[in-house]
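# Coordinate inspection notes
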Amino acid sequence: MSHVTGTRQSKSRSVASSSSQRSGQVSEVLSTQVDLLVPTRGFRIVDDQDRELKTILEQIEYQHGVRIRLKGQQDPIQISAASPTNARDTIGSIMKSLVLREGHATVWQDSVLVAPLSGDKRVIRILLQESPGTTWFRPAAAPTDSTQVADALTAQAYKSDLTAAMVRVGDGLRYSPNRMRMRIAFGKLFFKERKRGTTSYTLDEFSRLARRVSSRGTSHMEMRLGGESMREKIQHAFSLDPDFGDPQRTENFVIVTTKNVNLEVSVDGNQDSGLSFGSLNVFHREKSHRSVELATACPDKNHDWVMKVESPIDETGNKLPLDQRTLSKGIKIRPSANANSNCIEPYVAASFAQTHHIEALIGKTTWSYYLNKDYIVELSLYRQWSTLSGTQRQPQEPVTGVSVSMYRPEWNDNLANADVSAGPRSWETFPKQFFKSSMSPNDPTRDLDPIDALLYWVGKVQTLLDRVV
């Protein structure tokens, strides 16, 4: 299909772009109407449900003072401009933004890697240990009688593959205008795929299997590490480690699960002044092009890790299944009966849950620790009640779970909303932008490259978790 633009002159009328209306600018007379048909080869698919595309077009609207309308998937883009020249400049910006860059189609493609041994360098076998009650398997290192030393190139290959995956993701994300959130999370990585009748692999054989499952979706990271007692054990281990110490702050959230999304709203205030809802983040429940995971299986450890980037839904309140005001009316919050836990207990009426198709209600409490004043490590306790029973009160005891994740505070600024209509975000390479050492005198990673610095801190948290979980 060729690139076709049709220009038609219409009767002059005053039309304001949506961006101009939001910013309070004076409406302009947009007398030139143009339909832009974008080619299907070499360009991004035009879809009126593509939130990222809509944001970019809104930025171009503001930049050129025009009005742009998406009608439907692969339909022409309608442009209302002040003059033919204004329309041509707008078309140039749109086409530049829609060019399908190398690797763009795989930006949101997950990767599964296998880390080499961190201690004993002898050649090992990898066994698949079955997860009780499921058909999933987790790889675990098993010693052999061999005195052969593992190839040093294995570690180099893992680091090279991890770097390449991060660069691929970063090169695409720099063109995304929307806010994103990135975390390093810890858990157990399970696989469903294996060679028929095979339960033992060499490291190289299992690495090849891992590359296949990343594209087929036959792997799963379980990030719930245990219940309330596990939270206490981890907190105790943190308190004994000088790199962690005591938590710097405690925060509460309520997570509302509906059919398609999870709504996570912060809880402000305290037991004395009263509790109320604060900021709201909304995430898709199902895997979508708005999130990507780069997971690493660590067969010689009890815990694996994953780098996850996801983009919350930034929509106006009337486009969301629930907003803060509605949530405040239907969900009540009170402190937990255990006064020492700093947790909360949310309650919802059955009629409200049924009306808004709420499937589950989760109270989340997060304790934040500074790791060498570089990373923030979050220990989160989840207490979940199902609302599917339709009774007036949640009759069952909550299901509890604990998770551990880490991030750097500056990531929130680096991944904030950005105007990319005139060019991408001004990032360095992804590893250097997000993982380089702070270079402070007491930083043990100051002489390491960004990937090795990240792996150092990931290993620090893994070692602590392996001792208690």
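Moving on, we come to the overall build of the chain. A tally of regular secondary structure across the chain gives 11 helices and 22 strands. Split into buried and exposed, the 469 residues of the chain put 48% on the buried side. For the chain, restricting intrachain contacts to residue pairs at least 6 apart in sequence, the fraction spanning at least 24 positions comes to 69%. Surface accessibility of the chain: about 23,200 Å² in total, with carbon and sulfur atoms responsible for 48%.

Taken as a whole and assessed by the stated rule, the structure comprises 20 salt bridges. For Glu 228, the salt bridge goes to Arg 231, with nearest N and O atoms at 2.2 Å. Of the two residues, Glu 228 and Arg 231 are both situated in helix H6 (residues 228–240); the distance of 3 residues between them amounts to about one turn of the helix. Taking relative accessible area as the criterion, Arg 231 reaches 7% and is therefore assigned buried.

Taken across its 7 residues, strand E16 (residues 291–297) has 7 buried, putting it largely inside the fold. Here E16 shows a buried face lined by Ser 291, Glu 293, Ala 295 and Ala 297 and a second buried face lined by Val 292, Leu 294 and Thr 296. In terms of strand pairing, strand E7 (residues 111–114) meets E16 through 4 bridges, oriented parallel. Across the sheet, Val 114 pairs through a bridge with Ala 297, a residue of E16. Sheet analysis places E16 next to strand E17 (residues 304–310), joined by 6 bridges and oriented antiparallel. Looking at the pairing, Ala 295 lines up with Val 306 of E17.

On to the packing of aromatic side chains, then. Under the criterion given, the structure shown has 11 aromatic pairs. Judged by centre distance (4.5 Å) and plane angle (10°), the rings of Phe 238 and Phe 244 are stacked. Phe 244 matches Phe 238 in its accessibility class, with the two residues each being buried. The interplanar angle of 70° and the centroid separation of 6.3 Å between the aromatic rings of Trp 411 and Phe 434 together place this pair among those described as edge-to-face. Within this pair, whereas Trp 411 is found in helix H9 (residues 410–414), its partner Phe 434 is found in helix H10 (residues 430–435), the two being separated by 23 residues in sequence.

Right, let's talk about the environment of Arg 383 for a bit. Position of Arg 383 relative to the elements: it lies in strand E21 (residues 375–386). Along the backbone, Arg 383 and Ile 255 are 128 residues apart, and their C-alpha atoms lie at a distance of 9.9 Å. Ignoring any residue separated from it by four or fewer positions in sequence, one finds Arg 383 in contact with Ser 336, Ile 344, Glu 345, Leu 361, Ile 362, Gly 363, Pro 398, Val 399 and Thr 400.

To continue, consider the side chain of Thr 257. Here Thr 257 shows up in strand E13 (residues 249–257). Classification of Thr 257 by relative accessible area gives buried; the value is 8%. A distance of 2.9 Å separates polar atoms of two side chains, one belonging to Thr 257 and the other to Asn 262. Apart from the residues lying within four places of it in its own chain, the contact partners of Thr 257 are Asn 262, Arg 285, His 357, Ile 358, Glu 359, Ala 360 and Ile 362.

Compared with the 20 Å implied by 1.5 Å per residue over 14 residues, the 20 Å span of helix H2 (residues 51–64) between its first and last C-alpha is a close match. For H2, a buried count of 10 out of 14 residues is recorded, marking the element as mostly surrounded by other parts of the structure. Of all the residues in H2, the buried ones are Arg 51, Glu 52, Leu 53, Thr 55, Ile 56, Leu 57, Gln 59, Ile 60, Glu 61 and His 64. Among the residues trailing H2, Gly 65 stands out with phi positive, at a value near 65°.

This part covers helix H11 (residues 450–468). For H11, spanning 19 residues, the distance from its first C-alpha to its last is 28 Å, which sits close to the expected 27 Å at 1.5 Å a residue. Taken together, the buried positions of H11 are occupied by Ile 451, Ala 453, Leu 454, Trp 457, Val 458, Gly 459, Val 461, Gln 462, Leu 464 and Leu 465. A distance of 3.1 Å separates the backbone nitrogen of Ile 451 from a side-chain oxygen at the start of H11, and that oxygen is part of Asp 449.

Attention now moves to the packing of H6 against H11. Where H6 meets H11, the axes come as close as 10 Å, and the angle between the chain directions of the two elements is 125°. In terms of orientation, H6 lies oblique with respect to H11. In this structure, H6 crosses over H11, and the sense of that crossing is right-handed. For the pair formed by H6 and H11, the contact residues are Met 230, Lys 233, Ile 234, Ala 237 and Phe 238 on the first element and Leu 464, Leu 465 and Val 468 on the second. Tallied by class, the residues present in the contact of H6 with H11 amount to 7 nonpolar, no polar and 1 charged.

This paragraph deals with unusual backbone geometry. Its identity as a non-glycine residue notwithstanding, His 357 has a phi of 55°, on the positive side. On the basis of relative accessibility, which here comes to 57%, the residue His 357 falls in the exposed class.

Bringing the nonpolar core into the picture now. If you look at the biggest cluster of nonpolar residues, it comprises 50 residues, and the most contacted ones within it are Trp 305, Met 307 and Phe 435. Element by element, the count of residues in this core is highest for H11, at 7 residues. Excluding residues within four positions of it along the chain, Phe 435 makes contact with Met 166, Met 182, Met 307, Tyr 375, Arg 408, Trp 411, Phe 430, Pro 450, Ala 453 and Leu 454.

Let us look at the packing of H2 against helix H3 (residues 84–98). Two numbers describe how H2 lies on H3: the axes approach to 10 Å, and their chain directions differ by 150°. Here H3 runs roughly antiparallel to H2, going by the angle between their axes. Note on packing geometry: the crossing formed by H2 with H3 is right-handed. Listed contacts from H3 to Leu 53, Ile 56, Leu 57, Ile 60, Gln 63 and His 64 of H2 are Asn 86, Asp 89, Thr 90, Ser 93, Ile 94, Ser 97 and Leu 98. Residues that form the contact of H2 with H3 fall into these classes: 6 nonpolar, 6 polar and 1 charged.

The next thing to look at is the confidence of the model for the chain. Mean pLDDT for the chain: 79, with 80% of residues reaching 70 or above. Low confidence marks residues 1–27, where pLDDT is under 50. Its contacts with residues over four positions away, or in another chain, come to 62 contacts.

Analysis parameters
Residues numbered from 1 in each chain as written. Predicted model: local features only at pLDDT ≥ 70, side-chain atom pairs only at ≥ 80, totals over all residues. Heavy atoms only, no water. Helix = DSSP H or I, 4+ residues; strand = E, 2+ residues; numbered from the N terminus. Buried < 20%, exposed > 50% of the residue type's maximum accessible area, 1.4 Å probe, protein only. Contact = heavy atoms within 4.5 Å. Areas by Shrake-Rupley, 256 points an atom, 1.4 Å probe, with all protein chains shown as cover. Salt bridge = Lys/Arg side-chain N within 4 Å of Asp/Glu carboxyl O. Pairing = 2+ DSSP bridges. Phe/Tyr/Trp six-rings, centres within 6.5 Å; stacked < 30°, edge-to-face > 60°. Polar contact = N/O pair within 3.5 Å; in protein donor to acceptor, adjacent residues only side chain to side chain. Expected span 1.5 Å × (residues − 1). Axes fitted to C-alpha atoms, helices over the stretch in contact; angles between N-to-C directions. Parallel < 35°, antiparallel > 145°, perpendicular 65-115°, else oblique. Left-handed = near helix turned anticlockwise from the far one by under 90°. Nonpolar A, V, L, I, M, F, W, Y, C, P; charged D, E, K, R; others polar. Core = buried A, V, L, I, M, F, W, Y, C linked by side-chain atoms within 4.5 Å. pLDDT = per-residue confidence, 0-100.

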